[in-house]
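# Overview (structure and organization)
Next come the chains, spelled out residue by residue.
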Amino acid sequence: MIGKGLDQDGCIAREGSLDRVAAEFAPVVEAARVRIAAAFGPDRLHSAYLYGSIPRGTAVPGVSDLDVLLALHDEPTAADRADADAVEAALDAGFDQVDGVGVLLFGTGRLLSELERHDLGWFVACLCTPLLGPDLAAGLPRYRPSALLARETNGDLGLALAGWRERLAAAGSDGAGSDGALRALSRSVSRRIVRTGFTLVMPRWGGWTSDLAASAEAFAGYYPDRADQMRLAAAVARTPTTDRAVLAALVDDLAPWLAAEYTAVHGEKAPRP
């Protein structure tokens, strides 16, 4: 891999590998492999992937979560979701190394579709590390840090704003439940904002990174007036907050501006059914 997350041909290099999984997380990954295979079996499961900090080798024991994507032969059903929830719960309860487990479910038809070619397809090919089964990346193209990729990955930020505002308003003003809701909201909002801020400038920056701090700095180079806000979002993504003023600044100021700027620069993501 050469600089800025690209390979020798200037395409985005796959960022994770099982070889990069730290020793502390190896038992978690092996347990995930066993439980997923047992829960789904070859009739339902095409392939399984890890993504996020664990396969990138940057995970922090007791802080990082385990992120998994399952590609099913058919579109997921309620039974599939229930089995995935059971896998999540078992792994989360069984290993102190991880703070939460998330399992995404998609049908292979959707992952390989033309509509998802520069969103979910790119995600599998570049950000997911094969864990079980044949690698879907073999049927996907190579990707460059283009305006098309920017539009199709994060050109729908505006659709999230109303829901974020509702969740912020719904979180009570006192109690542990309120704190938990605010931390969860701050984590999801800030991560989405930082990743969207990075992909806004990705074609000009000319590369790829999943590192939140590096993403904020790449953005800052093109939007210095918003740099401090984006650095704040990156900090909250790493250490979620219960501070309503911080959340309001992200949800009511930075996010709407970012959504409008993204549309002006890259256009809107193609509508999904």
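Here is a short report on the structure shown in this document. (Residues numbered from 1 in each chain as written. Predicted model: local features only at pLDDT ≥ 70, side-chain atom pairs only at ≥ 80, totals over all residues. Heavy atoms only, no water.)

## As for the pairing of strand β4 (residues 128-132)
The element β4 is largely enclosed, with a buried count of 4 among its 5 residues. Note: strand β1 (residues 45-51) against β4, 4 bridges, orientation antiparallel. Residue pairing across strands places Tyr51 opposite Cys128, the latter belonging to β4. (Buried < 20%, exposed > 50% of the residue type's maximum accessible area, 1.4 Å probe, protein only. Helix = DSSP H or I, 4+ residues; strand = E, 2+ residues; numbered from the N terminus. Pairing = 2+ DSSP bridges.)

## A look at helix α5 (residues 120-127)
Counting buried positions over the 8 residues of α5 gives 8, a clear majority of the element. Buried residues of α5: Leu120, Gly121, Trp122, Phe123, Val124, Ala125, Cys126 and Leu127, and no others. Where the residues of α5 are buried, they touch β1, β2 (66-72), β3 (101-107), α4 (108-111), β4 and α6 (147-154). (Contact = heavy atoms within 4.5 Å.)

## Some words on the environment of Thr77
Mapped onto the elements, Thr77 comes out in the loop between β2 and α3 (78-94). Exposure remark for Thr77: the relative accessible area of 42% places this residue in the partly exposed category. Linking Thr77 and Glu30, residues 47 residues apart in sequence, is a C-alpha distance of 25 Å.

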